[in-house]
Amino acid sequence: MNNQIKVTPLESEHLEDVGKILVRRLESEYHSLPAINGDFLDIGHTIEYIVNQKNDEFAQSYVAIQGQKVIGFVIGKKNSAANQYNYLSQISVPDSAEVNFLTHAVSDDVDANSVYRELYRALARNWVDDGQIHHSIHIAACDWRTQEAWINLGFGRHTTIAVRPEISPIETAQIDEITIKQARPDDINTVIDMAEILGKHHIDSPMFMFWPVQKKDRKLAKTFFEELLTNENNPHFIAYDNNHAVGMLSFLAQGLIPSHIDSKKNIYLFMGIVAPEAQQNGIGRTLLNVGMSWARDHDYKSSTLHVLNMNHSGWPFWEANGFLPVEYSMERIIDSRLISNNFKKIALL
Ligand SMILES: CC(C)(COP(=O)(O)OP(=O)(O)OC[C@H]1O[C@@H](n2cnc3c(N)ncnc32)[C@H](O)[C@@H]1OP(=O)(O)O)[C@@H](O)C(=O)NCCC(=O)NCCS
């Protein structure tokens, strides 16, 4: 038998096999992770999703074949959000491309390292040729086999999606001088101030994540938060020390919860920030407790958030308060000198 792995574009004739490999992967993860969307255990539903992803104008899709057998697939997508100009799109990285949680899988009985290597080789050539040098893939937190394969391709953990599978109270101590109020539309400037402190935290070491915090971005922030604050379902809770705002915790009804996480009765926790000088006094926990109480009153059963793995205060805080990792995005950045036209001309002489 020919053991060589052949990579070809994903065609309709591969869909049934690819769907089965993905459902098999999801079945093995389903019981280890909180809040996985059970709809994707249905092969018809999953194939329909794969077809939609494959047909996206920014997508490239490949299958790995050994002998006659389909043993893996990947669908990658170039980032289109970075071409837009709004508050959230500013946070997404330009010149980036990704493989989402539901668009890759490799059969159980093959070597994941070599199959993912061949699939990524086809995908990355296309991305880099087109100037996309920030690459990411989203992998189940319990899936060590796939994480290992992508570590071998130069990827490292970057962002976690974590779920608190319950909305129970957070243990807090009474802090007399702190009051917490839900922001009204006319508190817009305080909300933006708090979002700016959160942004500056992310820009700092060791996160180095871009955030729109410059003077010119204030207008973008205003448009974005003004709309949020008119909707009661996006509560922004502000902590005041006397009249001085020192922290904020907010939820987003139309959250950033990806399809593989069950979003029913699951509230997206958007921003959590305590001003640096006020941290480690229990204000964060008090805000989270107020948020959980609001979520209980609105019949939510779980909560989901994104956190950078290198976030030195955020990560330990969420972990200590019951948020469990569901997926890691793993990232790799290619040396930008390789995409300059001059370099290519010289190197290929
Ligand atoms: C995360 C944050 C909101 C917590 O608020 P806080 O008022 O400092 O937190 P509390 O005092 O209520 O709770 C402290 C707990 O948070 C965690 N924590 C907070 N800061 C920490 C730090 N610098 N290092 C390690 N753990 C930290 C610990 O679990 C700590 O518990 P412990 O005291 O038993 O060790 C605050 O640290 C913050 O604003 N960080 C920067 C912004 C951020 O990362 N937000 C989350 C974005 S995803």
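The rules we used
Residues numbered from 1 in each chain as written. Predicted model: local features only at pLDDT ≥ 70, side-chain atom pairs only at ≥ 80, totals over all residues. Heavy atoms only, no water. Near = heavy atom within 4 Å. Polar contact = N/O pair within 3.5 Å; in protein donor to acceptor, adjacent residues only side chain to side chain. Areas by Shrake-Rupley, 256 points an atom, 1.4 Å probe, with all protein chains shown as cover. Helix = DSSP H or I, 4+ residues; strand = E, 2+ residues; numbered from the N terminus. Buried < 20%, exposed > 50% of the residue type's maximum accessible area, 1.4 Å probe, protein only. Contact = heavy atoms within 4.5 Å. Pairing = 2+ DSSP bridges. Phe/Tyr/Trp six-rings, centres within 6.5 Å; stacked < 30°, edge-to-face > 60°. Core = buried A, V, L, I, M, F, W, Y, C linked by side-chain atoms within 4.5 Å. Domains from an automatic or database assignment. Buried area = accessible area lost by both parts, 1.4 Å probe. Salt bridge = Lys/Arg side-chain N within 4 Å of Asp/Glu carboxyl O. Nonpolar A, V, L, I, M, F, W, Y, C, P; charged D, E, K, R; others polar.

**Side note on the site of the ligand**
- Around the ligand, 23 residues are found, and the nearest of them are G272, V274, G282, G284 and N311.
- In the environment of the ligand, an oxygen atom lies 3.3 Å from a nitrogen or oxygen atom belonging to the side chain of Q279.
- At 2.8 Å from an oxygen atom of the ligand is found a main-chain nitrogen or oxygen belonging to Q280.
- Compared with its free state, where it exposes 910 Å², the ligand has 78% of that area covered by protein.
- Those elements giving two or more residues to the shell around the ligand turn out to be α6 (188-203), β11 (266-274), α8 (283-297), β12 (302-308) and α9 (314-320).
- Of all the elements, α9 adds the most residues to the shell around the ligand, at 5 residues.

**What about the environment of M207?**
- Among the structural elements, M207 can be located in the loop between α6 and α7 (218-229).
- Judged by its relative accessible area of 5%, M207 falls in the buried class.
- Along the chain, M207 and L308 lie 101 residues apart, while their C-alpha atoms are 7.3 Å from each other.
- With near-sequence residues (within four places) excluded, M207 lies in contact with H201, H202, L308, M310, N311 and H312.

**Structural notes on the pairing of strand β13 (residues 324-333)**
- As paired strands, strand β6 (residues 134-140) and β13 are joined by 7 bridges and run antiparallel to one another. Within the sheet, the bridge partner assigned to H134 lies in β13 and is I333.
- The pairing of strand β7 (residues 156-164) with β13 spans 7 bridges and is antiparallel. Looking at the pairing, A162 lines up with P325 of β13.

**Digging into the side chain of T160**
- Here T160 is to be found in strand β7.
- A residue is classified by how much of its surface remains accessible, and T160, at 0% relative accessible area, is buried.
- A polar contact is formed between the side chain of T160 and the side chain of N309, at a distance of 2.9 Å.
- If we ignore the near neighbours within four places in the chain, the residues touching T160 are L305, H306, V307, N309, W315, P325, E327 and Y328.

**Notes on the packing of aromatic side chains**
- For the structure on display, the rule yields 13 aromatic pairs.
- Seen in terms of ring centroids, Y87 and F225 are 5.3 Å apart; in terms of plane orientation they differ by 65°. Their pairing is edge-to-face. Here Y87 is found in helix α3 (residues 87-91), whereas its partner F225 is found in helix α7, with 138 residues between them in sequence. Across this residue pair, the class does not change: Y87 and F225 are buried.

**A word on the nonpolar core**
- Within the largest apolar cluster, 84 residues are counted, with the highest numbers of intra-cluster contacts made by F73, W150, F225 and M271.
- At 10 residues, helix α4 (residues 112-129) tops the list of elements feeding residues into this core.
- For this core, the domains that each give at least three residues are domain 1 (5-158 + 337-347) and domain 2 (178-300).
- If near-sequence neighbours (up to four positions away) are discounted, F225 is found in contact with Y87, I188, V191, I192, A195, H236, F270 and M271.
- Listed in part, the 26 residues of the second largest apolar core include L249, L288, V307 and F323.

**Some details on the domain arrangement of the chain**
- With domains assigned, the chain is organised as domain 1 (5-158 + 337-347) and domain 2 (178-300).
- Taken over C-alpha atoms, the centre of domain 1 sits 32 Å from the centre of domain 2.
- Each partner contributes residues to the interface: domain 1 has 13 residues there, and domain 2 has 16 residues.
- Buried surface at the junction of domain 1 and domain 2, both sides included, amounts to about 1,400 Å², of which 71% is carbon and sulfur.
- Taken together, domain 1 and domain 2 are joined by 0 salt bridges.
- Inspection of the region where domain 1 meets domain 2 yields 4 residue pairs in polar contact (both at pLDDT 80 or more).
- Looking at the side of domain 1 that touches domain 2 residue by residue, the classes come out as 10 nonpolar, 3 polar and no charged.

**Quick notes on the pattern of salt bridges**
- Under the criterion given, the structure shown has 15 salt bridges.
- Where D56 meets K77, a salt bridge forms, and the shortest distance between an N and an O atom there is 3.4 Å. Pair noted here: D56 is in the loop between α2 (43-54) and β2 (59-66) and K77 is in strand β3 (residues 69-78), with a separation of 21 residues, a long-range link.
- Judged by its relative accessible area of 25%, K77 falls in the partly exposed class.

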